[in-house]
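Here's the letter readout for the chains.
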Amino acid sequence: MKKGIKILGNLIFVIAVALLLIGLATSLSSKSDKIYSVIKYRSYVIVTPSMKPKINPGDFILVKKTDVDKLKEGDIITFTKDNMVATHRIKEINGDSITTKGDNNNLEDTPINKNDVIGKFAFSIPKIGYIISFAISKVGLVTIAAIIIFIFIYDFIFREKSTNK
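As a starting point, this report considers the structure included with it. Every chain is numbered on its own, with residues counted from 1 as its sequence reads. With the structure being a predicted model, the display of local features is reserved for residues of pLDDT at least 70 and the display and counting of side-chain atom pairs for 80 or more, all residues being used for whole-chain, interface and lining totals. Calculation of side-chain values draws on the structure's entire complement of heavy atoms; hydrogens and water are dropped beforehand.

1. Re the pairing of strand β5 (residues 97–101)
- Buried residues are those whose accessible area, probed at 1.4 Å on protein chains only, stays under 20% of the maximum for their type, while exposed residues exceed 50% and partly exposed ones sit between those limits. Secondary structure elements follow DSSP: runs of H or I no shorter than four residues count as helices, runs of E no shorter than two count as strands, and numbering proceeds from the N terminus. The buried fraction of β5 amounts to 4 of the 5 residues, a majority that puts the element mostly inside the structure.
- Here strand β4 (residues 84–94) folds back onto β5, and the loop between the two strands holds 2 residues, one of which, Gly95, carries a positive phi near 65°.
- Strands qualify as paired when DSSP identifies two bridges or more between them. Relative to strand β6 (residues 112–113), β5 runs antiparallel, the two sharing 2 bridges. Bridging across to β6, Ile98 finds its partner in Ile112.

This is the structure we're talking about:
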């Protein structure tokens, strides 16, 4: 029983640290162009169903920095428009203008400029965006820290008991 709890605790610890590191690294790159230039990836959590069924609300996506001149119709891109970030499929490229549309939307978006493109969709991890959003929030960081501290204390208490026998 103790061995099973220890294995579970170690597994939770590794998952918590991995999620925290991935979330922090890609979150930092989303806020800093310098970090984005080095890492070449930014992460986002999808909040709308506009790209269903390919990308769903709650999905964690990674967006790769790309040369906008190499984009083509059908590519999924992440871009800024009116101080918001969106991820939609390219419908048409006309010079420096790109027209996009969410797969689940009825209408095309107002065209954007190539300068508004953040990057090209690389891949998504279904539903894990909720967990990563929580993990990098203030409450999430405190919760993860508490879990890690609890695991250390629990391990220390049981290690002490087993060495005293």
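2. Overview of the pattern of salt bridges
- One speaks of a salt bridge when a side-chain nitrogen belonging to Lys or Arg is within 4 Å of a carboxyl oxygen belonging to Asp or Glu. All told, the structure shown has 4 salt bridges when counted by the stated rule.
- We note a salt bridge from Asp75 to Lys120, for which the minimum N-O separation is 3.6 Å. One end of the pair, Asp75, is in the loop between β2 (60–64) and β3 (76–81); the other, Lys120, is in strand β7 (residues 117–125), and 45 residues separate them in sequence.
- Classification of Asp75 by relative accessible area gives buried; the value is 8%.
- With a shortest N-O distance of 2.8 Å, Arg89 and Asp103 are connected by a salt bridge. With Arg89 in strand β4 and Asp103 in the loop between β5 and β6, this residue pair connects regions lying 14 residues apart in the sequence.
- Judged by its relative accessible area of 21%, Arg89 falls in the partly exposed class.
- On the basis of relative accessible area, Asp103 is assigned to the partly exposed category, the value being 29%.

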